[in-house]
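# Commentary on secondary and tertiary structure
Okay, here's what each chain looks like letter by letter:
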Amino acid sequence: MAERRRALADAGLQRGGSVALCLPPSLAFIANLLASWQLGAQAALLDHRLTPYEVDLALQRLLPQVV
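Presented here is an overview of the structure given in this document. The written sequence of each chain sets the order in which its residues are numbered from 1. Local features in a predicted model are, by the rule used here, given only for residues with pLDDT of at least 70; side-chain atom pairs are given and counted only at 80 or more, and totals for whole chains, interfaces and linings are based on all residues. Each side-chain value is worked out from all heavy atoms of the structure, with water and hydrogens disregarded.

## Brief notes about the pairing of strand S1 (residues 18-21)
Each residue gets one of three labels from its accessible area relative to the maximum for its type: buried under 20%, exposed over 50%, partly exposed in between, using a 1.4 Å probe on protein chains only. In DSSP terms, a helix is any run of H or I states spanning at least four residues, a strand is any run of E spanning at least two, and both are numbered starting from the N terminus. Burial along S1 is two-sided: Ser18 and Ala20 facing one way and Val19 and Leu21 facing the other are all buried. A pair of strands is considered paired only if DSSP assigns at least 2 bridges between the two. By the bridge criterion, four bridges tie S1 to strand S2 (residues 42-45) in an arrangement that is parallel. Residue Leu21 lies in a different strand from S2, and its bridge partner there is Leu45. With helix H2 (residues 27-38) bridging S1 and the parallel S2, this β-α-β connection has right-handed handedness. Orient the strands so they point away from the viewer, and a crossover whose first-strand-to-second-strand path over the helix runs clockwise is right-handed.

Encoded structure:
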């Protein structure tokens with residue numbers, strides 16, 4: 001978990017920031033979600049079945065710090 005937290009922080013995620021997660025249900029999904037919460041960031045959960053177009057539309061609206 002500390003490894004994921006460091007990776008997200010190195011990518012620019014900060015307390016009060018936001019991250020968009022578009023992963024299938026997995027341990028990686030849970031690790032990234034918990035790591036983002038530990039950093040004090042909000043997580044936007046995008047369904048992994050979305051098309052690239054739908055993901056792009058969501059990212060344009062959400063404007064997350066990290067994807």
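## Some points on the side chain of Asn32
Mapped onto the elements of the fold, Asn32 is located in helix H2. Judged by relative accessible area, which is 9%, Asn32 ranks as buried. Residue contacts are counted whenever heavy atoms from the two residues lie within 4.5 Å of one another. In contact with Asn32, not counting residues within four places along its chain, are Arg4, Leu8, Leu21 and Leu23.

## What about H2?
Here, expected helix span is obtained from the residue count minus one, scaled by 1.5 Å. An ideal rise of 1.5 Å per residue puts 16 Å on 12 residues; H2 measures up with 16 Å between its terminal C-alpha atoms. Residues of H2 that are buried include every one of Phe29, Ala31, Asn32, Leu33, Ala35 and Ser36, and no others. Where H2 is buried, its residues contact helix H1 (2-10), S1 and S2. Two residues or fewer past H2, Gly40 is found with a positive phi of approximately 85 degrees.

## So, the packing of H1 against H2
Packing of H1 against H2 brings their axes to within 9 Å, and their N-to-C directions diverge by 65 degrees. Of the possible angle classes, the one that applies to H1 and H2 is roughly perpendicular. When the axes of H1 and H2 are compared, the crossing they make is right-handed. Of the residues in H2, those in contact with Arg4, Arg5 and Leu8 of H1 are Ala31, Asn32, Ala35, Ser36 and Gln38. By the convention adopted, Pro, Cys, Tyr, Trp, Phe, Met, Ile, Leu, Val and Ala count as nonpolar, Lys, Arg, Asp and Glu as charged, and the other residues, Gly among them, as polar. Here the contact of H1 with H2 is built from residues that sort into three nonpolar, three polar and two charged. Between N-to-C directions, angles cover 0 to 180 degrees, with each direction set by a line fitted to C-alpha atoms, over the stretch in contact for helices. With respect to orientation, any angle under 35 degrees is reported as roughly parallel, any angle over 145 as roughly antiparallel, any angle of 65 to 115 as roughly perpendicular, and every other angle as oblique. For any pair of crossing helices, the crossing counts as left-handed if the nearer helix is rotated counterclockwise from the farther one by less than a right angle, and right-handed if it is rotated clockwise.

## Re the side chain of Ser18
Within the secondary structure, Ser18 is located in strand S1. Accessibility expressed as a relative area gives 19% for Ser18, which makes it buried. Among all residues touching Ser18, those that are not within four sequence positions of it are Leu13, Ala41, Gln42, Leu63, Pro64, Gln65 and Val66.

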